Amino acid sequence: MTNSIKGIILAGGSGTRLYPLTHAVSKQLVPIYNKPMIYYPLSTLMLAGISKVLVITTPQDQDAFRRLLGDGNHLGLSIEYAAQPKPEGLAQAFRAVGLEEKPVKPRSSYAVTGLYFYDNQVLDIAAGLKPSARGELEITDVNAAYLRRGQLQVEKLGRGIAWLDTGTHEALLDASTFIRTIEERQGLMVACVEEIAFRMGYITSDDVLRIGRSMKGNSYGQYLLRLFESEP
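Worth saying up front: this structure is predicted, and the values here are computed from it rather than measured.

**Points about the overall build of the protein**
Summing up its helical and strand segments, the protein has nine helices and seven strands in all. Put simply, the protein has 232 residues, and 38% of those count as buried. Considering only contacts within the protein whose residues lie at least 6 apart along the sequence, 66% involve residues at least 24 apart. Carbon and sulfur atoms form 54% of the exposed surface of the protein, whose accessible area is close to 14000 Å².

**Brief notes about the packing of aromatic side chains**
Per the counting criterion, the structure on display carries three aromatic pairs. Each ring, one from Phe 198 and one from Phe 228, has its centre 5.0 Å from the other, and the planes form 85°; the classification is edge-to-face. Of this pair, Phe 198 sits in helix H7 (residues 193-199) while Phe 228 sits in the segment after helix H9 (219-226); the two residues are 30 residues apart in sequence, bridging distant segments of the chain. When its relative accessible area of 14% is taken as the criterion, Phe 228 is described as buried. Here a set of aromatic residues connected by ring pairs shows up, and it is made of Tyr 116, Tyr 118 and Tyr 146.

**Details of the pairing of strand E4 (residues 52-57)**
Counting buried residues in E4 gives five out of six residues, a clear majority hidden from the surface. Sheet analysis places strand E1 (residues 6-11) next to E4, joined by six bridges and oriented parallel. Each bridged residue has a counterpart across the sheet, and for Ile 9 the counterpart in E4 is Val 55. Bridge count for E4 against strand E5 (residues 78-83) is six bridges, and the pairing is parallel. Across the sheet, the residue bridging to Val 53 is Ile 79, located in E5.

**What about the pattern of salt bridges?**
Evaluated as defined, the whole model comprises six salt bridges. Here Lys 6 and Glu 80 are joined by a salt bridge, their closest N and O atoms 3.0 Å apart. With Lys 6 in strand E1 and Glu 80 in strand E5, the pair connects residues that are 74 residues apart, well separated along the chain. Residue Glu 80 is classed as partly exposed on the basis of its relative accessible area, which comes to 40%.

**Re the environment of Ile 179**
As for its position among the elements, Ile 179 is in helix H6 (residues 169-186). On the basis of relative accessibility, which here comes to 7%, the residue Ile 179 falls in the buried class. Distance from Ile 179 to Val 190, taken between C-alpha atoms, is 7.0 Å for residues eleven residues apart in sequence. Excluding residues that lie within four positions of it along the chain, Ile 179 makes contacts with Ile 32, Tyr 33, Lys 35, Tyr 40 and Val 190.

**Re H9**
Here H9 has its buried residues at Tyr 220, Gly 221, Tyr 223 and Leu 224. When H9 is viewed along its axis, its buried side chains cluster within an angular range of 155° and face the same direction. Buried residues along H9 sit against strand E3 (35-36), helix H2 (39-47), H7 and helix H8 (205-214). Capping the start of H9 is the job of one residue whose side-chain oxygen sits 3.0 Å from the backbone nitrogen of Tyr 220: Asn 218.

**Topic: the sheet that holds E1**
What holds strands together in a sheet is hydrogen bonding between their backbones, with the strands either parallel or antiparallel. Spatially, E1-E4-E5 is the arrangement adopted by the three strands of the open sheet, whose pairing is parallel. At either margin of the open sheet sits one strand with a lone partner, and together these are E1 and E5. Pairs of neighbouring strands in the sheet enclose a mean axial angle of 20°, with direction left out of account. Each of E1 and E4 is contacted by H2, which is oriented at about 170° to E1, the strand it contacts most. The strands touched by helix H3 (residues 62-69) are E1, E4 and E5; relative to E5, the strand with the most contacts, the crossing angle is about 175°.

**With respect to the confidence of the model for the protein**
Mean pLDDT over the protein stands at 86; residues scoring 70 or higher make up 89%. For the protein, per-element mean pLDDT is lowest for strand E6 (residues 93-94), which scores 26, and highest for H7, which scores 98.

**Quick word on the nonpolar core**
If you look at the biggest cluster of nonpolar residues, it comprises 31 residues, and the most contacted ones within it are Leu 42, Val 55 and Leu 224. Elements with a minimum of two residues in this core: E1, H2, E4, H3, E5, H7, H8 and H9. The element contributing the most residues to this core is H2, with four residues. Those residues in contact with Leu 224 that lie beyond four places of it in its chain are Cys 192, Glu 194, Glu 195, Val 208, Ile 211, Gly 212 and Met 215. Grouped together as the second largest cluster of nonpolar side chains are nine residues, Leu 18, Val 30, Ile 32 and Ala 191 included.

Definitions and limits used
- Residues numbered from 1 in each chain as written.
- Predicted model: local features only at pLDDT ≥ 70, side-chain atom pairs only at ≥ 80, totals over all residues.
- Heavy atoms only, no water.
- Helix = DSSP H or I, 4+ residues; strand = E, 2+ residues; numbered from the N terminus.
- Buried < 20%, exposed > 50% of the residue type's maximum accessible area, 1.4 Å probe, protein only.
- Contact = heavy atoms within 4.5 Å.
- Areas by Shrake-Rupley, 256 points an atom, 1.4 Å probe, with all protein chains shown as cover.
- Phe/Tyr/Trp six-rings, centres within 6.5 Å; stacked < 30°, edge-to-face > 60°.
- Pairing = 2+ DSSP bridges.
- Salt bridge = Lys/Arg side-chain N within 4 Å of Asp/Glu carboxyl O.
- Arc of directions from axis to C-beta.
- Polar contact = N/O pair within 3.5 Å; in protein donor to acceptor, adjacent residues only side chain to side chain.
- Axes fitted to C-alpha atoms, helices over the stretch in contact; angles between N-to-C directions.
- pLDDT = per-residue confidence, 0-100.
- Core = buried A, V, L, I, M, F, W, Y, C linked by side-chain atoms within 4.5 Å.

Here it is, written out as structure tokens:
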């Protein structure tokens, strides 16, 4: 069933809270410890069994994403690109009985992590949206439409799962420190797309070793090479 599902990564935002950094580079290409930010949502889609991905970028940043990810073939994926000239925004907070976009006084501690699964109804719903007071088409309004239809389902993330804001300079540092701590304590890499591609059966061990050898001068490449040291 997941083979018919296409994942979408919205990487077209302007990242104004990260200026001047994001004047030069897309927020999704900023490093979170030892890998670009986009590896984290991409790894989430891969772990969900989704191998067809559309990356939506700004026109000026698209070449950089293509250089990083290509067409996804090296990961056993099919990656396509689309340009979004004007950032439209994302939902930041919601409730199981109601939805609010960036509430001043949240009614609970729950927040949307930005991971949504939609059926084909979303095409008609999105086509009928009107810009909000911010002049944007809000993803919250899409979710609210499903809520009104009684079709909105909420899954709370379990213990052991962390969601980190990366919208400010301080948050970027906190996220990098968190990832570094996890990886050093566990000896396992978080959001290593090559390892995930291998575990999911998208690529072979030879593919991983080839990629690892191309980066053997740093800890990322060395990690990929170590994956098969103890295997027969």
